[in-house]
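# Architecture at a glance
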Amino acid sequence: SWCGKLFSLQRLGPGVLSHLKQLKLTGCKQLTSVAVVEISRSCPELESLHLASCDLLQDEAFTALGATTAPIELLNFSGCQLVTDVGVNSLASLR
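Quick notes on the rules
Residues numbered from 1 in each chain as written. Predicted model: local features only at pLDDT ≥ 70, side-chain atom pairs only at ≥ 80, totals over all residues. Heavy atoms only, no water. Buried < 20%, exposed > 50% of the residue type's maximum accessible area, 1.4 Å probe, protein only. Helix = DSSP H or I, 4+ residues; strand = E, 2+ residues; numbered from the N terminus. Contact = heavy atoms within 4.5 Å. Disulfide = S-S within 2.5 Å. Axes fitted to C-alpha atoms, helices over the stretch in contact; angles between N-to-C directions. Parallel < 35°, antiparallel > 145°, perpendicular 65-115°, else oblique. Phe/Tyr/Trp six-rings, centres within 6.5 Å; stacked < 30°, edge-to-face > 60°. Core = buried A, V, L, I, M, F, W, Y, C linked by side-chain atoms within 4.5 Å. Pairing = 2+ DSSP bridges.

### Section: helix H2 (residues 59–67)
Of the positions making up H2, those classed as buried are Asp59, Ala61, Phe62, Ala64, Leu65 and Gly66. Along its buried surface, H2 packs onto helix H1 (33–42), strand S2 (48–50), strand S3 (74–76) and helix H3 (85–89).

In structure tokens, the structure reads:
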């Protein structure tokens, strides 16, 4: 699966993802929190992010998303069973 390769977004070069507005990664079983942290840093215009049923995601991913300046309006992380109240509460700062 290509999902496991998302950890290396830096290889795409600077600015490649800077205008990305929507990203659907639902069901990516190999997607890690490290990759989501990188997505939060690399996609400053991200408005919609679908992470449902990404089994490896933990609070770290959602803490990074909560700290991003991206205008995220839709975030789907249903079925991410390793996310606790800590991760969910860190999303409160999203606008």
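Structure's up, so let's keep going.
### Observations concerning the environment of Glu73
Secondary-structure assignment places Glu73 in the loop between H2 and S3. By relative accessible area, which is 69% here, Glu73 ends up exposed. With 27 residues separating them along the chain, Glu73 and Leu46 place their C-alpha atoms 8.6 Å apart.

### Details of unusual backbone geometry
Outside of glycine, negative phi angles account for most residues, and trans bonds account for most peptide bonds. Phi is positive for Ser53, which is not a glycine, with a value near 60°. Among the structural elements, Ser53 can be located in the loop between S2 and H2. Here Ser53 falls in the partly exposed class, since its relative accessible area comes to 29%.

### Observations regarding the state of the cysteines
Inspection of the entire model under this criterion finds zero disulfides. Cys80 takes part in no disulfide bond, and the closest cysteine sulfur to it belongs to Cys54, at a distance of 5.5 Å. The exposure class of Cys80 is buried, given its relative accessible area of 7%.

### Details of the packing of H1 against H2
At a closest axis distance of 8 Å, the pairing of H1 and H2 adopts a crossing angle of 5°. Between H1 and H2, the crossing angle belongs to the class labelled roughly parallel. Contacts between H1 and H2 involve Ser33, Val36, Val37 and Ser40 on the former and, on the latter, Glu60, Ala61, Ala64 and Leu65.

### Side note on the packing of aromatic side chains
Considering all chains together, one arrives at one aromatic pair under this definition. Arranged with centres 4.8 Å apart and planes meeting at 50°, the rings of Phe62 and Phe77 form a pair that is tilted. Placement of the pair is Phe62 in helix H2 and Phe77 in the loop between S3 and H3, with a sequence separation of 15 residues. Residue class for Phe62 comes out buried when judged on its relative accessible area of 0%. The class for Phe77 is partly exposed, based on a relative accessible area of 22%.

### Describing the nonpolar core
Counting residues in hydrophobic clusters, the biggest one holds 23 residues, and the most contacted among them are Leu31, Leu51, Leu57, Phe62, Leu65 and Leu75. The set of elements that each furnish at least two residues to this core consists of H1 and H2.

### Some points on the sheet that holds strand S1 (residues 22–24)
Each strand in a sheet pairs with another by means of backbone hydrogen bonds, the pair being arranged parallel or else antiparallel. The strand order across the open sheet formed by three strands is S1-S2-S3, and the pairing between neighbours is parallel. The two strands at the open ends of the sheet, each matched to only one other strand, are S1 and S3. Ignoring which end each strand starts from, the neighbouring axes of this sheet average 5° apart. One ladder, built from three bridges, connects S1 with S2; its direction is parallel. What sits directly across from Lys24, in S2, is His50.

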